[in-house]
Amino acid sequence: MSTTLLIGIGNVLYADEGIGVHFVNYIQEKYQFNHPTDSIDLLDGGTLAQGLIPILCRYDNLIVVDTVNSPGVSPGEVYSFNFDQAPPEIDWQGSAHEVEMLQTLIMMEMVGDRPNTHVVGVTPTVIEPMTLGLTSSIQAAVPTMEKVLLKHLTEQGFTYKQKAAVDINALIPDSYKRGTLEYA
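Right, let's walk through the structure included here. Fair warning: this is a prediction, and the values are worked out from it, not measured in the lab.

1. Observations concerning unusual backbone geometry
Even without being a glycine, Ala15 presents a positive backbone phi close to 55°. Structurally, the position occupied by Ala15 is in the loop between strand S1 (3–9) and helix H1 (19–30). Positive phi, normally seen in glycine, also occurs at Ala49, with a value near 35°. Relative to the helices and strands, Ala49 resides in the loop between strand S3 (39–46) and helix H2 (53–56).

Listed below in C-alpha cells is the structure:
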C-alpha cells in the first residue's frame, strides 16, 4: 500500500501567494478520490515548510501545489513536473513563505526522507500583503491546474468522483480558518 499527500503551500493573506492552500481546499470540497490499494490525504500546509518535515516524511508520494516563478512567463502559467526533473527555469523565489518549500524539499533529500515529489505550480500575478483573494489570471488558471492534477492522480491509479459543484472564490473567505497545522 502506498500513501500520497496532496499539500497546498502558501500564505492566504498575500493574494495569489495563497493559491496552493485555496486550490487544495477547493479540490477537497469538490472531489472524492479512491484507489484499490493506496490512500491519499489532502492538507493545507500554509507557510510551515520546514515544520512540515515530520508529516511529509511519512508519505511515499507527495504532490505540492504552490506558486513557482519563471523569468519571462505570464502570470497564470501552470507547471506540472516531477521535482527530480524540474525545468531549469523554475524557482520558488519571491514567495512570502517563511521558509521556502524548495529548501525544505532539498533538506529532506539530503537526509533521504523526501517522498517521490510532484509539483503543480502556477506563476503568481500579485503577492501583496493583506489581500485575501486571487487575481483574475490565477482564477483563470484553476481549471488547468485541476486538469493536470486529476491527470496525474489518474496516472497513479486513483479514480475520482465529483461530489459538489464548487467555486474556489466561495472558499477563499474561510481559507484562513481551515485546519492549517500548528506546532506548539
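2. Brief notes about the nonpolar core
In terms of nonpolar packing, the biggest core is built from 28 residues, with Leu6, Ile19, Phe23, Tyr26, Ile27, Phe33 and Met145 touching the most fellow members. For this core, the secondary-structure elements that each account for two or more residues are H1, strand S2 (31–34), S3, strand S4 (61–67), strand S6 (116–122), helix H4 (136–155) and helix H5 (168–175). For this core, the element with the most residues is H4, which contributes seven residues. With near-sequence residues (within four places) excluded, Phe23 lies in contact with Val65, Val142, Met145, Glu146, Leu149 and Ile168. Grouped together as the second largest cluster of nonpolar side chains are 21 residues, Leu5, Ile9, Phe83 and Leu102 included.

3. What about H1?
If you check H1, its first and last C-alpha atoms are 16 Å apart, about what twelve residues at 1.5 Å a residue would give, namely 16 Å. For H1, the tally of buried residues reaches ten of twelve residues, placing the bulk of the element in the interior. Listed as buried for H1 are Ile19, Gly20, Val21, His22, Phe23, Val24, Asn25, Tyr26, Ile27 and Lys30.

4. A closer look at the side chain of Ser70
Structurally, the position occupied by Ser70 is in the loop between S4 and strand S5 (78–82). Only 3.5 Å separates the side chain of Ser70 from the side chain of Tyr79, close enough to count as a polar contact. Apart from residues lying up to four places away in sequence, Ser70 is in contact with Tyr79, Glu89, Ile90 and Thr123.

5. Focus on the sheet that holds S1
A sheet is described by the order of its strands in space; here five strands give the open sequence S3-S1-S4-S6-S5, paired in mixed fashion. Each edge of the sheet is formed by a strand with only one pairing partner; in this case those strands are S3 and S5. Within this sheet the neighbouring strands show an average axis-to-axis angle of 15°, counted without direction. Inspection of the sheet shows S1 paired to S3 by seven bridges, in the parallel sense. Its bridge partner lying in S3, Leu6 is registered against Leu42. Along the sheet, H1 makes contact with S1, S3, S4 and S6, crossing S1 at roughly 130°. Along the sheet, H4 contacts S1, S3, S4, S5 and S6; its crossing angle with S6, the most-contacted strand, is approximately 160°.

Rules and cut-offs
- Residues numbered from 1 in each chain as written.
- Predicted model: local features only at pLDDT ≥ 70, side-chain atom pairs only at ≥ 80, totals over all residues.
- Heavy atoms only, no water.
- Helix = DSSP H or I, 4+ residues; strand = E, 2+ residues; numbered from the N terminus.
- Core = buried A, V, L, I, M, F, W, Y, C linked by side-chain atoms within 4.5 Å.
- Buried < 20%, exposed > 50% of the residue type's maximum accessible area, 1.4 Å probe, protein only.
- Contact = heavy atoms within 4.5 Å.
- Expected span 1.5 Å × (residues − 1).
- Polar contact = N/O pair within 3.5 Å; in protein donor to acceptor, adjacent residues only side chain to side chain.
- Pairing = 2+ DSSP bridges.
- Axes fitted to C-alpha atoms, helices over the stretch in contact; angles between N-to-C directions.

The quantities given are spatial measurements derived from coordinates; they are silent on function.
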